[in-house]
Amino acid sequence: SPAFGTADLSNCEREQIHLAASIQPHGALLALHEPELTVLQVSANATAFLGLDRPALGRRLGDFAPDIARAIAPLLNDPLDVVPAAVRVPAGVAGGPALDVQLHRPIGGGVILELERAAPEDVAPRQLEPALQAILGSYALRPLCEEVCRTFRGLTGYDRVMLYRFDDDGHGEVFAEEHAAGLEPYLGNRYPASDIPAIARRLYIRNRVRVVTDVHYAPVPLEPRLSPLTGQDLDMSLCILRSTSPMHVQYLKNMGVGATLVASILVGGRLWGLISCHHQTPRRTPFALRAITELLAEAVGTRIAALESFVQSQAELAVRRLEQRMIEAITRDGDWRTALFDHAQTLLVPLGASGAALLFEGQAQTAGEVPGTAGLRDIGKWLDGQPRGPGGAPVIATASLAADAPHLAGLTRVASGVLAAPISTAPGEYLVWFRPEQVSTVTWGGDPNKPVLVGDDPRDLSPRRSFAKWNQVVEGRSEPWSPKDLATARLIGDTVTDVVLQFRSVRMLIAE
Ligand code: BLA
């Protein structure tokens with residue numbers, strides 16, 4: 001794997017970003033040996049930053065910064081390996097400016113102290129309550145995300161706030177945005193999973209808020225570079241001052257961004273998305289405000305989990321109603337199919353599909369955007385050839401029909417995504433849902449006549465390039481079907497299977 005700062009576009013997804021061996025210069029770092037708190041490593045700016053008369057390396061914290069040593073002493077009783085602690089030290093060092101001190105224990109041992117100048121004034125906690133209320137009072141995902149952007153922009157003052165949402169393949173979308181007048185909107189932009197490497201995503205689950213204070217900063221190295229405790233690079237996973245990957249910094253510079261603050265949104269332990277705040281000029285966010293953004297991002301994740309489970313229970317309810325209507329339709333019309341197609345939305349909405357078809361007894365009934373009759377027949381034949389599990393009839397799903405069935409590539413535009421539930425044991429009998437090819441449903445807001453070549457030069461990294469790359473990556477693919485989609489399809493399929501069985505036995509009785 002490439003060491004920090006040595007990655008290029010061919011291997012940057014493996015860059016060891018947590019081993020940055022350097023920090024951003026708006027603070028200073030000390031790595032200490034326990035229990036006597038001797039300095040093992042320092043950021044090269046520490047002497048100047050703390051106003052010391054001689055270097056701290058090798059000395060005891062209590063000897064050159066007794067106020068800090070006293071302030072952190074009680075915190076050292078905590079494990080500090082998952083969540084850092086923080087404390088304000090009013091006198092700093094030798095009567096210097098007040099410091100915010102954040103501390104934690106990295107993998108490999110010792111204690112890391114990160115020191116920043118305390119902000120002159122604190123954020124009023126009274127801003128917190130209306131923000132929390134707005135988040136917890138949202139009743140649908142989009143309004144929630146829009147509210148989050150407004151709230152974060154008001155609270156932090158950054159001139160653009162975006163809410164990125166990841167899909168099940170890790171690709172991203174700017175799902176909501178709030179920005180200062182005159183800035184180019186990025187709302188609706190898509191970008192490929194590779195823009196945020198897996199290593200970074202894993203890190204962002206542990207480390208929920210990151211900042212880049214000034215993209216034009218010169219990284220400050222640690223001295224010595226390697227930790228004397230491990231003989232290896234210091235694990236900086238939880239460091240707020242961690243130097244950011246140069247690849248990403250280049251991306252930000254190309255966007256004309258001066259500073260960022262990004263908070264993770266976790267839903268059920270998964271990285272669901274990011275709240276990304278950009279400022280055109282350098283910007284510092286003091287500890288107290290970062291803590292508030294972290295708390296709010298946590299509330300956002302909790303709210304999203306609640307909304308998602310509400311949506312899921314609505315879908316289950318809709319399926320039960322559907323079953324009832326099918327049974328009523330049999331008595332009323334002698335045919336259960338009318339119930340499925342009277343209200344096409346009942347069939348499409350729970351699956352987020354744009355089309356659906358029922359293939360039954362050699363006929364096709366459809367709703368929404370679907371392939372033509374011949375295409376449907378071909379899909380039915382293809383489905384017959386797909387493996388079914390032993391325990392009955394699980395669903396068959398693909399997000400890229402062209403990849404899984406090259407002879408059906410002609411159907412890509414309306415039916416890149418196919419999700420089918422068998423509704424009987426007979427061949428060719430399915431309920432099928434369709435999703436279109438994604439690239440045909442999303443357009444770039446910028447100049448569409450300006451083609452973008454996706455090359456290998458980091459100087460070209462930009463949202464425009466990302467979008468072009470995303471187009472390439474998802475060509476011939478629909479939005480992925482989620483595990484919940486599969487479960488819902490199976491539930492509907494099982495329900496219809498039951499109804500079909502009843503219907504057929506009733507028909508046989510009548511025929512006798
Ligand atoms: C990180 N890349 C990121 C992050 C975002 C993006 C949001 C997370 C930053 C954070 O949480 O602090 C991407 N930013 C975007 C996109 C937009 C945006 C798409 O504003 C669009 C509007 N980046 C690349 C490529 C590589 C890459 C090709 O584009 C290399 C494979 C690397 N991105 C990369 C790395 C990080 C990153 C290494 C981690 C940065 C860090 O935390 O050190």
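Residues numbered from 1 in each chain as written. Predicted model: local features only at pLDDT ≥ 70, side-chain atom pairs only at ≥ 80, totals over all residues.

- In the nomenclature of an unreviewed UniProt entry, the protein chain corresponds to GAF domain-containing protein from the organism Falsiroseomonas tokyonensis.

Points about the pairing of strand E11 (residues 220-223)
- The pairing of strand E1 (residues 22-23) with E11 spans two bridges and is classified as antiparallel. When the bridges of E11 are listed, Ile-23 appears paired with Val-220. (Pairing = 2+ DSSP bridges. Helix = DSSP H or I, 4+ residues; strand = E, 2+ residues; numbered from the N terminus.)

Structural notes on the pairing of strand E17 (residues 417-422)
- Burial runs high along E17: six of the six residues are buried.
- A two-sided burial pattern is seen for E17, the buried positions comprising Gly-417, Leu-419 and Ala-421 on one face and Val-418, Ala-420 and Pro-422 on the other.
- The pairing of strand E16 (residues 396-398) with E17 spans three bridges and is classified as antiparallel. Residue pairing for E17: Ile-396 is matched across the bridge by Ala-420.
- Bridge analysis of E17 against strand E18 (residues 430-435) gives six bridges, and the strand direction is antiparallel. Bridging from a neighbouring strand, Gly-417 pairs with Arg-435 of E18. (Buried ≥ 20, exposed ≤ 12 C-beta atoms within 10 Å, placed from the backbone.)

Remarks on the nonpolar core
- Judged by nonpolar contacts, the single largest core of 71 residues is most densely connected at Leu-29, Leu-30, Leu-32, Leu-113, Val-148, Leu-163 and Ile-275.
- Excluding its chain neighbours within four sequence positions, the residues that come into contact with Ile-275 are Val-148, Phe-152, Val-161, Leu-163, Val-262, Ala-263, Ile-265 and Ala-297.
- Core analysis: the next-biggest nonpolar cluster, separate from the first, contains 41 residues, Leu-322, Leu-340, Val-418 and Trp-481 among them. (Core = buried A, V, L, I, M, F, W, Y, C linked by C-beta atoms within 7 Å. Contact = placed C-beta atoms within 7 Å.)

Some remarks on the sheet that holds strand E6 (residues 111-117)
- In space, the seven strands of this open sheet follow the order E1-E11-E3-E2-E6-E5-E4, with antiparallel pairing throughout. The open sheet terminates on both sides in strands that have one partner only, identified here as E1 and strand E4 (85-89).

Regarding unusual backbone geometry
- With an omega of 0°, the peptide bond running from Glu-34 to Pro-35 counts as cis.
- Tracing the backbone through its elements, the reader meets Pro-35 in the loop between strand E2 (27-33) and strand E3 (38-43).
- Note that the residue after Glu-223, namely Pro-224, is joined by a cis bond; omega there is -10°.
- You can see Pro-224 is positioned in the loop between E11 and helix H7 (246-255).
- The phi dihedral of Leu-80 is positive, around 55°, even though this residue is not glycine.
- With respect to the helices, strands and loops of the structure, Leu-80 is situated in the loop between helix H3 (66-72) and E4.
- When the 18 C-beta atoms within 10 Å are taken as the criterion, Leu-80 is described as partly exposed.

A short note on the site of the ligand
- Contacts to the ligand come from 27 residues, most closely from Cys-12, Tyr-191, Ser-245, His-248 and Val-262.
- Ranked by residue count, the leading element in the shell around the ligand is H7, at three residues.
- A class-by-class count of the residues in the shell around the ligand yields 16 nonpolar, seven polar and four charged.
- Both domain 1 (12-307) and domain 2 (311-511) contribute no fewer than three residues apiece to the shell around the ligand. (Near = placed C-beta within 6 Å. Nonpolar A, V, L, I, M, F, W, Y, C, P; charged D, E, K, R; others polar. Domains from an automatic or database assignment.)

Some remarks on helix H5 (residues 141-156)
- Under the 1.5 Å per step criterion, the end-to-end length of H5 is 22 Å for 16 residues, consistent within 8% with the ideal 22 Å.
- Where H5 ends, the next residue or the one after it, Gly-157, has phi of about 75°, a positive value. (Expected span 1.5 Å × (residues − 1).)

Things to note about the sheet that holds strand E9 (residues 190-191)
- One open sheet accounts for six strands, arranged E9-E8-E7-E13-E12-E10; its pairing is antiparallel. Two strands lie at the open edges of the sheet, namely E9 and strand E10 (209-212), each paired on one side alone.
- Sheet topology note: the E10/strand E12 (residues 259-267) ladder contains four bridges and is antiparallel. Looking at E12, one finds that Val-211 is bridged to Leu-261.
- Against the sheet, H5 touches strand E7 (160-166), strand E8 (172-179), E12 and strand E13 (270-279), its axis set at about 50° to E8. (Axes fitted to C-alpha atoms, helices over the stretch in contact; angles between N-to-C directions.)

Brief notes about the domain arrangement of the protein chain
- Domain annotation of the protein chain identifies domain 1 (12-307) and domain 2 (311-511).
- Listed per partner, the contact involves 18 residues of domain 1 and 16 residues of domain 2.
- Those elements that place two or more of their residues in the side of domain 1 that touches domain 2 are E9 and H7.
- Here the side of domain 1 that touches domain 2 takes five residues from H7, the largest share from any one element.

Here we look at helix H11 (residues 373-384)
- Taking 1.5 Å as the rise per residue, H11 with 12 residues should run 16 Å; its terminal C-alpha atoms sit 17 Å apart, in good agreement.
- Among all positions of H11, only Leu-376, Ile-379 and Leu-383 are buried. End-on view of H11: buried residues confined to an arc of 60°, all on one side of the axis.
- Where H11 is buried, its residues meet strand E14 (355-360), strand E15 (363-368), E16, E17 and E18. (Arc of directions from axis to C-beta.)

Some points on the environment of Ala-98
- Here Ala-98 is to be found in the loop between E4 and strand E5 (99-104).
- Along the backbone, Ala-98 and Arg-117 are 19 residues apart, and their C-alpha atoms lie at a distance of 6.2 Å.
- When neighbours within four sequence positions are excluded, Ala-98 is seen to be in contact with Arg-88, Val-89, Pro-90, Gly-92 and Ala-118.

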